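Geometric and topological summary
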Amino acid sequence: MKKITLSLVSVIALSGMSFAGGDFEPVVEPVVAVPVVVEDTSGFYLGAGLAAVSTRDATVNGSFFDAKGGQDRLGNLTFLAGYDFNRYIAAEGRFTTSIADEDIVEMSGWSLFAKPQYAFDGSNFKIYALLGFGGVTLDSMNADYVTDVDDTAFQWGIGAAYSFGEYMEDNNLAVFVDYTSLATDMEGIYWNGAPETDVDAITAGVTYRF
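Residues numbered from 1 in each chain as written. Predicted model: local features only at pLDDT ≥ 70, side-chain atom pairs only at ≥ 80, totals over all residues. Heavy atoms only, no water.

Topic: the overall build of the protein chain
Looking only at helices and strands, the protein chain features 1 helix and 8 strands. Reading the protein chain from its N terminus to its C terminus gives the helix and strand order α-β-β-β-β-β-β-β-β. Counting every position in the protein chain, which comprises 210 residues, the buried fraction comes to 38%. Considering only contacts within the protein chain whose residues lie at least 6 apart along the sequence, 60% involve residues at least 24 apart. (Helix = DSSP H or I, 4+ residues; strand = E, 2+ residues; numbered from the N terminus. Buried < 20%, exposed > 50% of the residue type's maximum accessible area, 1.4 Å probe, protein only. Contact = heavy atoms within 4.5 Å.)

Given below as structure tokens:
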């Protein structure tokens, strides 16, 4: 009876193999998908800086670095606030006002910028551009000169920033320097009688990210 039972088990096992083609398939372990963690680099930031500003007669064919006349150089205090949507794009607003001048003109202005930016991988350094719109106001500081400029225009700039942490997006405190063109052929009355004015600035400062 015992031999008959063993024979039946063998027949059943062989039958199962024949139905399966006689081959044993290896056990394939399931592949577990690991979710990709996307780092959140969004956040608000505030900043302040000192700006060297050039205001000049648009007809002198000069620039911030070189103008042959009809130019006034100012020292401005600039405040800024912005929001990083991610490591590639931000929005930024600025306000600037004169704290030093050559006794001819004082200047104030505001700006709203889109800020494309690029932070180098594993680096504390990033570069950025500023593209937007803003207003400039110029007034006389000297009774002998008439200055009345109050207009809005397209504005742009380029700059770079450096953070003090391990990586740009991981640190709160950074320093920056940039160049901004605040007005080109802006209409008004400049102190030397010119009907159009150019204004640009070089700004250096610090930002703090929350």
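Picking up where we left off.
Brief notes about the sheet that holds strand S2 (residues 71-84)
Pairing is antiparallel in the closed barrel, where 8 strands are placed in the order S1-S2-S3-S4-S5-S6-S7-S8. Sheet twist, expressed as the mean angle between neighbouring strand axes with direction ignored, is 25 degrees. Of the strand pairs in this sheet, strand S7 (residues 173-189) and strand S8 (residues 196-209) are connected by 12 bridges, and their pairing is antiparallel. Bridging across to S8, valine 177 finds its partner in alanine 204. (Pairing = 2+ DSSP bridges. Axes fitted to C-alpha atoms, helices over the stretch in contact; angles between N-to-C directions.)

Structural notes on empty space enclosed by the protein
Applying the stated criterion to the full structure yields 2 cavities of 30 Å³ or more. By volume, the second largest cavity is sized at about 110 Å³. Every residue lining the second largest cavity is counted, 18 residues in all, and those nearest its centre are Arg94, Thr96, Ser111, Thr180 and Leu182. Among the secondary structure elements, those contributing two or more residues to the lining of the second largest cavity are strand S1 (43-57), strand S3 (89-100), strand S4 (105-119), strand S5 (125-140), S7 and S8. A breakdown of the residues in the lining of the second largest cavity according to their chemical character gives 9 nonpolar, 8 polar and 1 charged. (1 Å grid on protein atoms, 1.4 Å probe; cavity = no way out; pocket = protein on both sides within 12 Å on 5 of 7 lines; lining within 4 Å. Points joined across faces, edges and corners; volume = space filled by probe spheres on them. Nonpolar A, V, L, I, M, F, W, Y, C, P; charged D, E, K, R; others polar.)

Details of the side chain of aspartate 198
Tracing the sequence through the fold places aspartate 198 in strand S8. Of the buried charged residues, aspartate 198 lacks a salt bridge, with arginine 56 as the closest side chain of opposite charge at 4.4 Å. Of note is the side chain of aspartate 198, whose polar atom sits 2.8 Å from the backbone nitrogen of aspartate 185. (Lys, Arg positive; Asp, Glu negative; His and termini not counted. Salt bridge = Lys/Arg side-chain N within 4 Å of Asp/Glu carboxyl O. Polar contact = N/O pair within 3.5 Å; in protein donor to acceptor, adjacent residues only side chain to side chain.)

Some details on a negative patch on the surface
A contiguous patch of negative charge on the surface is contributed by Glu106, Asp139, Asp148 and Asp150. Along the chain, aspartate 150 falls in strand S6 (residues 148-163). (Patch = residues over 30% accessible without salt bridge, like charges linked within 9 Å, V, L, I, M, F, W, Y side chains within 5 Å. Areas by Shrake-Rupley, 256 points an atom, 1.4 Å probe, with all protein chains shown as cover. Charge placed at Lys NZ, Arg CZ, Asp CG, Glu CD.)

Observations concerning the pattern of salt bridges
Evaluated as defined, the whole model comprises 6 salt bridges. Residue aspartate 200 pairs with arginine 56 through a salt bridge whose shortest N-O separation is 3.0 Å. With a gap of 144 residues between them, aspartate 200 in strand S8 and arginine 56 in strand S1 connect regions that are remote in the sequence. Like arginine 56, aspartate 200 is buried. Between arginine 94 and glutamate 92 there is a salt bridge, with its nearest N and O atoms 2.6 Å apart. Glutamate 92 matches arginine 94 in its accessibility class, with the two residues each being buried. Among the ionic contacts, a cluster of salt bridges with common partners joins Glu92, Arg94, Lys115 and Asp178.

Purely geometric stuff here, so don't read any function into it on its own.
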